[in-house]
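Each chain, letter by letter, is given below.
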Amino acid sequence: MTQPVLHKNLPLIEVADALILDDLYADPQAARHLLAQLGPTVAVVAPGEMDNLLMRLLKLGHTPKVMEA
Amino acid sequence: MPRYFDEDLPRVGADKLKKMNALWGGNNKMRKDDGIACISNGLKDHQKVRAAVANLKPWERNALALIKRMGGTIPSHTLKIGILASGLHPPRSYGYRDDLIEHLLHRGLLLVTGSYSPDYLESYSYRSSLLYSDERLLVPIGQPECLPLEIRPIQPSGEAHFRRPSAIALDVMGILHAIENMGGLRLTQNGTVRVSDEAKLRKAMRWDEKGMEIEGFLFPNPVHAWLSAFGYSDLLQKTEGGLLVLKESPEHFASRPFSEQIRLLLEGFLRMDTWWEASIKNSYFDNDGKGRSQGRMAITMALTALPLNPESVYSIRDFDKALYQRIGEDFALDYPPNRPSYYRSTDAARQKQELLQWQETTRSDWLKQEFPWLVGAFTTWLYFMGLVELFVDNGQLAGFRLTDTGRVTFHPELATVTPEEPSAQTENQPAWVVQPNFDIIAYLERVSAPQLAFLERHAERTASHKHTAHYRLTRESVYRGLESGTKLEELVHILQTGSQAELAQNVLVELREWAGLRERILLRREARLLEFASPHALQTSLEQGLKGSIVAGRFLLLEPDAKVPEATSIDYAKPLPKNLTATETGLIGWKRIPSDLVTAAQLDQWAEVTADDSWQITRTSVTKALKPGKKLTELLDLLNNRLKPSLPPLLDLALRSWAGASYPIELESVIVLRCRPEKVFQVLISSPLMISYWKGYIYPDLLFVEREQLEPLRERLQWLGWQISERLNIIPIGKHSP
């Protein structure tokens with residue numbers, strides 16, 4: 001791959017601390033909405049599952065900031 | 001949608017067009033085309049329209065004002081009753097007052113809509129035509145005028161009840177929030193709200209099935225009332241997915257001035273036709289709601305016609321009598337009164353006697369039927385919306401007066417002399433107090449509509465009373481407010497402005513803490529991520545001026561305005577390419593050009609990796625994926641959307657079976673006698689001699705033989721003289737497969 005690949009309209013989750021993402025992958029209800037982990041603090045969210053992940057995060061007591069881009 | 005006469009005019013009869021011309025300077029000698037052109041040109045000219053409207057009689061202008069109030073269309077009977085209730089109209093010449101509507105049509109002020117003949121009025125007393133006026137005629141029209149009612153004030157007695165606008169706003173916001181929290185209401189195929197969702201809303205609002213009680217007054221079937229009112233006030237909309245959802249947020253509604261909120265809701269109540277103010281006698285009574293719609297219009301006109309003295313209290317009985325004098329002989333909730341036709345006598349004295357008898361009966365019927373409904377209108381929507389203050393004596397409604405809101409609503413021309421609505425900027429006293437324990441006490445007589453909307457968005461309402469509403473700042477409520485777009489500094493500033501004091505230090509610290517927590521997880525719905533071949537290539541691009549933040553070794557999160565270098569693009573908002581293959585045994589292959597960031601991870605969730613870009617779906621892998629709550633449809637959607645060629649049917653069956661579906665399959669070694677002629681088959685299964693040979697049959701031609709009866713059966717068949725083939729004539733699979 002020499003030319004970069006632009007991933008448009010990609011649902012992503014970014015966390016301030018890698019431990020948060022580890023916890024989410026350890027929670028089966030949250031993990032089912034998460035796909036590839038791009039780095040310690042970033043993962044791809046399954047397309048169409050952002051609202052379900054948000055609901056799960058709220059249930060777990062998190063207050064995530066939802067952004068468009 | 002604006003309505004204009006132009007398209008309907010060619011279908012108006014020539015005789016009527018000649019009369020309609022007069023308003024625009026035409027005459028009755030004009031040809032039809034010229035007449036149409038005369039009216040159309042007149043309507044196009046603003047000055048001519050203003051002049052025409054200025055020359056109308058007050059009652060004719062009133063008719064246009066009522067059409068405007070109803071949103072551009074009005075049933076003919078509602079218009080008739082509205083005009084009669086205003087007290088401004090020509091005197092009755094004979095019989096029914098259909099003359100009023102006919103006159104307006106001939107004057108060119110209205111036409112019939114929803115009919116091929118826009119000049120045809122329904123002549124039956126119980127049927128109504130839907131009328132409209134040209135939008136351009138309605139532009140210069142103001143509020144309806146009324147002849148003051150002949151009614152005298154009384155000394156108020158009994159207990160006074162009134163509602164503050166802010167209390168009403170709180171209630172309305174509560175209902176809107178409940179609808180919003182439910183994610184909308186599901187509709188049936190007929191477009192009505194599902195009974196189960198009505199029940200959910202009732203439960204969310206803690207309304208009794210019988211109704212809600214407000215300060216001792218019963219408001220029946222509030223779900224029905226408010227959904228209708230919101231619908232007609234244009235606050236709800238139907239989605240393509242069969243949901244009834246809010247057209248605007250509760251906060252947006254609440255940010256309007258209180259008087260505008262009430263005017264909007266009043267429009268909804270005036271237009272609704274299915275809700276009842278009181279318990280229904282039977283389902284046939286005013287089953288189409290036209291009577292109630294006319295009655296509500298008449299009440300609002302009569303309230304507009306009250307002598308304007310803010311302190312005046314009127315007896316409900318006097319009001320009823322005054323209203324009856326205006327409309328009583330032409331209106332009833334069900335069938336309108338039938339005036340005597342004098343067919344039995346031509347004698348004037350006899351006619352007078354018949355008329356008097358009829359008037360007595362009509363009034364007596366009104367008192368039994370219409371008066372209780374009128375009281376219901378006062379104690380439900382008029383009271384709930386704070387339009388009237390009620391006086392209750394010995395448990396009965398005795399009198400009322402218009403509140404400030406009522407006077408502004410029914411007399412908007414007085415708006416300039418009405419005190420401004422409360423606002424934190426102009427008041428010397430605080431609109432609320434924020435306590436160190438995060439409780440907020442809002443003073444309803446001081447809080448403005450936007451302030452109330454702000455509290456609703458950023459705090460949990462814990463209680464509301466006549467003079468105060470209680471809220472609490474919680475992590476969730478503050479989060480909800482910040483998610484709606486408020487910045488932390490803005491939140492603090494508005495809380496301090498409303499309370500006219502600094503916030504307690506612990507409140508400030510906690511608000512900052514809560515806002516900080518929100519920054520710990522970011523969910524990006526539509527990120528733009530640039531993937532490089534290596535971290536080095538990424539660094540090089542950054543050095544060349546590309547704007548973004550590195551989120552992982554090779555991935556750069558682009559800033560919204562960042563210009564993208566030449567790159568292969570994958571759009572996750574669109575379906576990804578069909579680049580997967582599958583065998584019947586569940587071996588999945590992926591031709592990853594271009595390589596997206598979701599496919600491999602999605603397949604990992606359902607299958608075991610066997611090699612690069614190859615996965616094996618097994619019973620175990622599917623069961624494992626289903627365990628945390630995933631659904632098989634997710635896998636089937638993935639495969640159906642991405643496989644080329646499509647999913648092998650056997651694998652589809654296997655996946656469904658592994659997910660728990662069961663298919664009735666039977667397998668057994670049997671001895672079969674096949675007998676294709678139906679007549680012979682019937683004889684063999686019904687013969688007493690043969691019955692002991694059979695284990696059973698499958699219609700139409702298979703008989704199953706008891707194993708120990710095989711040889712006796714052979715002998716019997718030989719006795720019958722039949723040639724028996726030792727092989728079944730079956731279709732070999734593969735040669736003649738379907």
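(A) Up close: the overall build of chain B. A count of helices and strands for chain B gives 27 helices and 27 strands. In chain B, buried positions account for 35% of the 738 residues. The long-range share in chain B, meaning contacts at least 24 apart out of those at least 6 apart in sequence, stands at 62%.

(B) How the structure looks around the overall build of chain A. For chain A, the helix and strand inventory stands at 3 helices and 4 strands. Looking at chain A residue by residue over its 69 residues, the buried ones come to 41%. Within chain A, counting contacts between residues at least 6 apart in sequence, those at least 24 apart form 33% of the total.

(C) Inspection of the pairing of strand S6 (residues 211-214) of chain B at higher detail. All names here are of chain B. Where S6 meets strand S7 (residues 217-220), 4 bridges bridge the pair, whose relative direction is antiparallel. Within the sheet, the bridge partner assigned to Gly211 lies in S7 and is Pro220. Following S6, the chain reverses through 2 residues before pairing antiparallel with S7; Glu215 in that reversal takes a positive phi of roughly 45°.

(D) Here's a closer look at the sheet that holds strand S12 (residues 396-402) of chain B. Residues and elements named next belong to chain B. Pairing is antiparallel across the open sheet formed by 4 strands, whose spatial order is S4-S11-S12-S10. Of all strands in the sheet, those with a lone pairing partner are strand S4 (159-161) and strand S10 (314-315), marking the two edges. Sheet topology places S4 next to strand S11 (residues 388-393); 3 bridges connect them, and they run antiparallel. Pairing of Ala160 across the sheet is with Phe391, part of S11.

(E) Focus on the interface of chain B and chain A. Listed per partner, the contact involves 45 residues of chain B and 40 residues of chain A. Among the elements of the structure, helix H18 (475-483), helix H20 (505-518), strand S17 (521-531), strand S18 (548-552), strand S20 (568-571) and helix H22 (599-606) of chain B are those that each provide at least two residues to the side of chain B that touches chain A. Of the residues forming the side of chain B that touches chain A, the biggest block, 11 residues, is contributed by S17(B). Classifying every residue of the side of chain B that touches chain A gives 26 nonpolar, 6 polar and 13 charged. Examined bridge by bridge, strand S1 (residues 5-15) of chain A and S20(B) share 4 bridges and lie parallel to one another. Its bridge partner being in S20(B), A:Val5 is matched across the sheet by B:Thr568.

(F) How the structure looks around helix H8 (residues 165-181) of chain B. Residues and elements named next belong to chain B. A rise of 1.5 Å per residue sets the reference length of H8, with its 17 residues, at 24 Å; its end C-alpha atoms lie 24 Å apart and thus fit the reference within 8%. Looking only at H8, the buried set comprises Pro165, Ser166, Ala167, Ile168, Ala169, Leu170, Val172, Met173, Ile175, Leu176 and Ile179. Of the residues flanking the end of H8, it is Gly183, one or two places downstream, whose phi is positive at about 75°.

(G) Layout of the packing of helix H1 (residues 14-21) of chain B against helix H2 (residues 32-44) of chain B. Residue and element names in this part refer to chain B. Put simply, H1 and H2 touch, their axes get as near as 9 Å, and they point 40° apart. Comparing their axes, H2 and H1 come out oblique. As H1 runs across H2, the sense of the crossing is left-handed. Touching Ala14, Leu17, Lys18, Met20 and Asn21 of H1 are Lys32, Gly35, Ile36, Cys38 and Ile39, all from H2. Along the lines of polarity and charge, the residues of the contact of H1 with H2 split into 6 nonpolar, 2 polar and 2 charged.

(H) Local environment of the environment of B:Lys80. Residues and elements named next belong to chain B. Among the structural elements, Lys80 can be located in helix H5 (residues 76-86). Taking the number of C-beta atoms within 10 Å as the measure of exposure, Lys80 has 28 and is therefore buried. Once the C-alpha coordinates of Lys80 and Gln294 are considered, the two residues, 214 residues apart in sequence, prove to be 8.6 Å apart. Here Lys80 is in contact with Arg97, Leu100 and Ile101, once residues within four sequence places are set aside.

(I) Up close: the sheet that holds strand S15 (residues 460-464) of chain B. All names here are of chain B. Taken together, the 4 strands give an open sheet; going across it, the order is S13-S14-S16-S15, and neighbouring strands pair in antiparallel fashion. One side of each edge strand has no neighbouring strand; the edge strands of this open sheet are strand S13 (432-434) and S15. Across this sheet, the average inter-strand angle for adjacent strands is 20°, counted without regard to direction. In terms of strand pairing, S13 meets strand S14 (residues 439-443) through 3 bridges, oriented antiparallel.

(J) Geometry of the nonpolar core. Counting residues in each nonpolar core, the largest one holds 133 residues, and the members touching the most others are B:Ile67, B:Ala298, B:Ala302 and B:Phe378. For this core, the leading source of residues is H8(B), giving 9 residues. Once you skip the residues sitting within four places of it in the chain, B:Ile67 turns out to touch B:Gly72, B:Ile74, B:Leu79, B:Leu110, B:Leu131, B:Tyr132, B:Ser133 and B:Leu138. Formed by 34 residues, the second largest nonpolar core is a distinct cluster that contains A:Leu53, B:Leu530, B:Leu538 and B:Ile570.

(K) Highlighting unusual backbone geometry. Residue and element names in this part refer to chain B. Residues Lys644 and Pro645 are joined by a peptide bond in cis, for which omega reads 0°. Along the polypeptide, Pro645 turns up in the loop between helix H24 (632-642) and helix H25 (649-658). Omega for the peptide link from Tyr699 to Pro700 comes to 15°, which places this bond in the cis form. Checked against the element boundaries, Pro700 lands in the loop between strand S26 (694-698) and strand S27 (702-705). Of note, Arg206 is a non-glycine position whose phi angle comes to about 55°, a positive value. Examined against the element boundaries, Arg206 turns out to sit in the loop between helix H9 (195-204) and S6. Judged by the 9 C-beta atoms lying within 10 Å of it, Arg206 falls in the exposed class.

(L) Inspection of the pairing of strand S2 (residues 34-39) of chain A at higher detail. All names here are of chain A. Here S2 pairs with strand S3 (residues 42-45) via 3 bridges, running antiparallel. If you follow Leu34 over to S3, its bridge partner there is Val45. Linkage of S2 to S3, two consecutive antiparallel strands, is achieved through a turn of 2 residues.

(M) Geometry of H1(B). Residues and elements named next belong to chain B. Buried within H1 we find Leu17, Met20 and Asn21. Relative to the axis of H1, the buried residues are bounded by an arc of 100° and lie together on one face. Packed against the buried residues of H1 are H2 and helix H6 (98-106).

(N) Highlighting the confidence of the model for chain B. Residues and elements named next belong to chain B. When pLDDT is averaged along chain B, the result is 89, and 95% of the positions lie at 70 or above. Looking across chain B, the model is least confident in helix H11 (residues 250-254), with a mean pLDDT of 84, and most confident in H25, with 97. Between residues 423-427, whose pLDDT stays under 50, and residues either more than four places distant or in other chains, the model counts 9 contacts. Prediction confidence for the complex, expressed as pTM and ipTM, is 0.69 and 0.98 respectively.

(O) Up close: the environment of B:Gly82. Looking at where B:Gly82 falls in the secondary structure, it is placed in helix H5. In the structure, B:Gly82 is positioned 62 residues away from B:Pro144 in sequence and 9.7 Å away in space, judged by C-alpha atoms.

(P) A look at the packing of H8(B) against helix H12 (residues 258-271) of chain B. Residues and elements named next belong to chain B. Viewed as axis vectors pointing N to C, H8 and H12 meet at an angle of 55°, and their least axial separation amounts to 10 Å. Considering their axes alone, H8 and H12 lie oblique with respect to each other. Here H8 runs over H12; the crossing is left-handed. Here H8 contributes Pro165, Ala169 and Val172 to the contact with H12, which in turn contributes Phe258, Gln261 and Ile262. Looking at the contact of H8 with H12, its residues break down into 5 nonpolar, 1 polar and no charged.

(Q) The arrangement of the environment of A:Met55 in detail. Residues and elements named next belong to chain A. Assignment of secondary structure puts Met55 in helix H3 (residues 50-59). Exposure remark for Met55: the 12 C-beta atoms within 10 Å place this residue in the exposed category. Between the alpha carbons of Met55 and Ala30 there is a distance of 9.4 Å; along the sequence they are 25 residues apart.

Parameters at a glance
Residues numbered from 1 in each chain as written. Chains lettered and ligands numbered in written order. Predicted model: local features only at pLDDT ≥ 70, side-chain atom pairs only at ≥ 80, totals over all residues. Helix = DSSP H or I, 4+ residues; strand = E, 2+ residues; numbered from the N terminus. Buried ≥ 20, exposed ≤ 12 C-beta atoms within 10 Å, placed from the backbone. Contact = placed C-beta atoms within 7 Å. Pairing = 2+ DSSP bridges. Nonpolar A, V, L, I, M, F, W, Y, C, P; charged D, E, K, R; others polar. Expected span 1.5 Å × (residues − 1). Axes fitted to C-alpha atoms, helices over the stretch in contact; angles between N-to-C directions. Parallel < 35°, antiparallel > 145°, perpendicular 65-115°, else oblique. Left-handed = near helix turned anticlockwise from the far one by under 90°. Core = buried A, V, L, I, M, F, W, Y, C linked by C-beta atoms within 7 Å. Arc of directions from axis to C-beta. pLDDT = per-residue confidence, 0-100.

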